[in-house]
Amino acid sequence: MEMLINGKADAGNGSAWIEVINPATGELVERVPAGSKDDVNAAVESADLAFGAWSEKTMRERGLLLGRAAELVRRDHKQLAELLTREQGKPIREAIDEVRGCANILEYYASIAGKPAGEAVSLGKAGDCLVTRVPLGVCGAIIPWNMPVIIMGWKVGPALLSGNTLVLKPASTAPLTNLKIAGLFSEAGLPAGVLNVVTGSGEIAGEALVQHKRVKKISFTGNGITGRRIRELTGNRLAALTLELGGSDPMIVMADADVKKAVEGAIRGRFYNAGQVCTAVKRLYLHEKIAEEFMRELTTKVEGLKVGNGLVPGTDMGPLNSPAQRDRIATVVHEITANDEGKILTGGCPVPGKEYERGNFYKPTLVGDVPPDAALLKNEIFGPVLPVMTFPDLATAIAEANRSLYGLGASVWTRDLATVKEFFTHVHAGIVWVNRHLTLPPEVPFGGTEESGIGRENGFHAIDSYTQTKTLFLGW
Ligand code: NDP
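Residues numbered from 1 in each chain as written. Predicted model: local features only at pLDDT ≥ 70, side-chain atom pairs only at ≥ 80, totals over all residues. Heavy atoms only, no water.

Per an unreviewed UniProt entry, the recorded name for the protein is Betaine-aldehyde dehydrogenase, and the organism is Methanoregula boonei. You can read under Sequence similarities (unreviewed entry) in the UniProt record for the protein the words "Belongs to the aldehyde dehydrogenase family." (UniProt positions renumbered as here; feature names shortened; annotations may be inferred.)

What follows is the structure, given as structure tokens:
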């Protein structure tokens, strides 16, 4: 597989390659070029050259192209989903959801073409002002490996609709589906240079993109440490930044909740994509009155989850994306026991058996008896480990929920409107769900507070973040 620069495949300037390994089998899926600084420069130059003509098209023309690309993503969704499972590990039905979700995002942006409007301001005798929104220029997107196809949609849709051109750097462990989708944009008729994908390491290709003087904005999703490094690197040249840095979402189940529905919500919320989701349920708080019943049901269901190769129909949970991610989770679990910070209720080890030996499989894990100041409640646990705590009343639950430094999502499971109001008002989060968790439709803004990052993706908010105002002052 090659990089896509200027709408054409390019083998890269360097001779180095990155091997993309199937996380379920340890087999080589494909190799991609380890892009160099020169490759990034070539991609930015190509995006810069394409910017003039692309930004002069009407938003409706750009929207039509996004719509055509979405059609092709839908046409090829089975092959794309299979490739995604082979490089990322998730069960095939989750991969199909993700690919269709990407098409849905592109269709959403196609459907709002022409709607983001400017303002007209009357200043009486002094004149009238027309406030327009103009694109920023060449933008950079840096993508993680957990949901690479959805996150590509979140960045490409609004950036291109607004008239920017884009250089995208995928994650080194899951770049292949991103490259295929970029190829579909070319097939849809996107002019050369509008969307460029450069594969390569974060340290070389990623940092070259972040530091390039012609790149006006970086949109990054990933680790907080990387996010801070990117902020440092862009700081001096005042590039715009969107940083989506993960979360430690609490799920609060009140005594009046529908327990069966909430158990399903907790399982999907934590074990979807093997727990590698920024808005996954990372801390589960149960009201004391329903805790016993809830835990009985939850434990049985978690122990029944079928872990295996995502390509095998009926698999509920695939492997972790890389050996490094599996080892991170193993360390977290080891430290829980070593530091007396909880009791493993089920799971807590890699999946035994010959067929699992070459993959990065880890058992779905529940942890009880967790003290309020335990490390696993503060840090983002990016894998299938769910700490469960109990609480006596809503005020305590909110106080515990707000102990984390993150503030991405949070959910409350209840039938009582007053509880919803109280929770929504006081919990630190960018999105608050009631009786569900995880759903992020493209129509509504997404992003968090504090350690979860800065800026918003999705909806008209994303259009704002890829444009700036330009005012015409008419002095009559
Ligand atoms: P990273 O933040 O390192 O990776 C995300 C993207 O950033 C990848 O494309 C990566 O490239 C790139 N990158 C890495 N270093 C730099 C750099 N210095 N400059 C520019 N780009 C860079 O995440 P990890 O893969 O290391 O995951 C570690 C942890 O991060 C997870 O356990 C989880 O806690 C968190 N995470 C959160 C995500 C979220 O959705 N919020 C998503 C992914 C991770 P490359 O792949 O080549 O390293």
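Participant: Hey, could you run me through the site of the ligand in this one?
Facilitator: Close contacts around the ligand come from 29 residues, with I143, W145, S172, E207 and N223 the closest. One of the backbone N or O atoms of G202 is found 2.9 Å from an oxygen atom in the ligand. Relative to its free-state accessible area of 870 Å², the ligand is covered by the protein chains to the extent of 88%. Those elements giving two or more residues to the shell around the ligand turn out to be helix 7 (202-211), strand 10 (215-221), helix 8 (224-235) and helix 11 (323-338). For the shell around the ligand, the class distribution of residues is eleven nonpolar, twelve polar and six charged. Looking at which domains feed residues into the shell around the ligand, each of domain 1 (3-245 + 452-474) and domain 2 (249-441) supplies at least three. (Near = heavy atom within 4 Å. Polar contact = N/O pair within 3.5 Å; in protein donor to acceptor, adjacent residues only side chain to side chain. Areas by Shrake-Rupley, 256 points an atom, 1.4 Å probe, with all protein chains shown as cover. Helix = DSSP H or I, 4+ residues; strand = E, 2+ residues; numbered from the N terminus. Nonpolar A, V, L, I, M, F, W, Y, C, P; charged D, E, K, R; others polar. Domains from an automatic or database assignment.)

Participant: Can you help me understand helix 14 (residues 417-426) in this one?
Facilitator: When helix 14 is considered as a whole, its buried residues turn out to be T419, V420 and F423. Within helix 14, the buried residues cover an arc of 100° as seen down the axis, which keeps them to one side. Exposed and facing more than 90 degrees away from the buried side of helix 14 are L417, A418 and K421. Buried residues along helix 14 sit in contact with strand 12 (249-253), helix 13 (394-401), strand 18 (409-413) and strand 19 (431-434). (Buried < 20%, exposed > 50% of the residue type's maximum accessible area, 1.4 Å probe, protein only. Arc of directions from axis to C-beta. Contact = heavy atoms within 4.5 Å.)

Participant: How should the pairing of strand 18 be read in this particular structure?
Facilitator: A regular strand places its side chains on the two faces of the sheet in alternate fashion. Counted residue by residue, strand 18 has five buried out of five residues, so it is predominantly covered. The two faces of strand 18 match: G409, S411 and W413 on one face and A410 and V412 on the other face are all buried. Here strand 12 pairs with strand 18 via three bridges, running parallel. By the bridge assignment for strand 18, I252 is matched with V412. Both strand 18 and strand 19 contribute to a ladder of four bridges, which runs parallel. Looking at strand 19, one finds that G409 is bridged to I431. Handedness of the crossover joining strand 18 and strand 19 through helix 14: right-handed. (Pairing = 2+ DSSP bridges. Right-handed = clockwise from strand over helix to strand, strands pointing away.)

Participant: Just to check I follow, could you spell out the packing of helix 2 (residues 59-75) against helix 6 (residues 176-187) for this structure?
Facilitator: The description of two helices packed together rests on the angle between their axes and the distance between the axes. Following both chains from N to C, one finds helix 2 and helix 6 inclined at 130°, their axes separated by 9 Å at the closest point. Considering the angle they form, helix 2 stands oblique to helix 6. Judged by the twist between their axes, the crossing of helix 2 over helix 6 is right-handed. For the pair formed by helix 2 and helix 6, the contact residues are L66, A69, L72, V73 and R75 on the first element and I181, L184, F185 and E187 on the second. (Axes fitted to C-alpha atoms, helices over the stretch in contact; angles between N-to-C directions. Parallel < 35°, antiparallel > 145°, perpendicular 65-115°, else oblique. Left-handed = near helix turned anticlockwise from the far one by under 90°.)

Participant: Explain empty space enclosed by the protein to me, please; I cannot follow it from the model alone.
Facilitator: Any empty space left between the atoms is revealed when a probe the size of a water molecule rolls over them. Tallying each qualifying case throughout the model produces three cavities of 30 Å³ or more. One number sums up the size of the largest cavity: a volume of about 70 Å³. Lining the largest cavity are S248, D249, P250, R283, A401, N402, S404, Y406, G407, L408, G409 and H428. Among the elements of the structure, strand 12 and strand 17 (406-407) are those that each provide at least two residues to the lining of the largest cavity. In terms of residue class, the lining of the largest cavity is built from four nonpolar, six polar and two charged. Lining of the second largest cavity is provided by T242, L243, E244, F446, G447, G448, S452, G453, I454, G455, R456 and E457. For the lining of the second largest cavity, the secondary-structure elements that each account for two or more residues are strand 11 (240-244) and strand 21 (453-454). By residue number, the principal contributor to the lining of the second largest cavity is strand 11, which donates three residues. When grouped by side-chain class, the residues that make up the lining of the second largest cavity number three nonpolar, six polar and three charged. (1 Å grid on protein atoms, 1.4 Å probe; cavity = no way out; pocket = protein on both sides within 12 Å on 5 of 7 lines; lining within 4 Å. Points joined across faces, edges and corners; volume = space filled by probe spheres on them.)

Participant: When you look at the sheet that holds strand 19 in this model, what are you seeing that I'm missing?
Facilitator: The pairing of strands in a sheet comes from backbone hydrogen bonds and takes either a parallel or an antiparallel form. One open sheet holds the seven strands; their spatial order is 14-15-16-13-12-18-19, and the pairing between them is mixed. Among the strands making up the open sheet, the edge pair consists of strand 14 (343-346) and strand 19. Neighbouring strand axes in the sheet, compared pairwise and without regard to direction, differ in orientation by 25° on average. Where strand 12 and strand 13 (residues 281-287) come together, five bridges link them in parallel fashion. Looking at the pairing, M251 lines up with L284 of strand 13. Helix-sheet contacts for helix 11 involve strand 14, strand 15 (365-368) and strand 16 (385-391), and the interaxial angle to strand 14 is about 120°.

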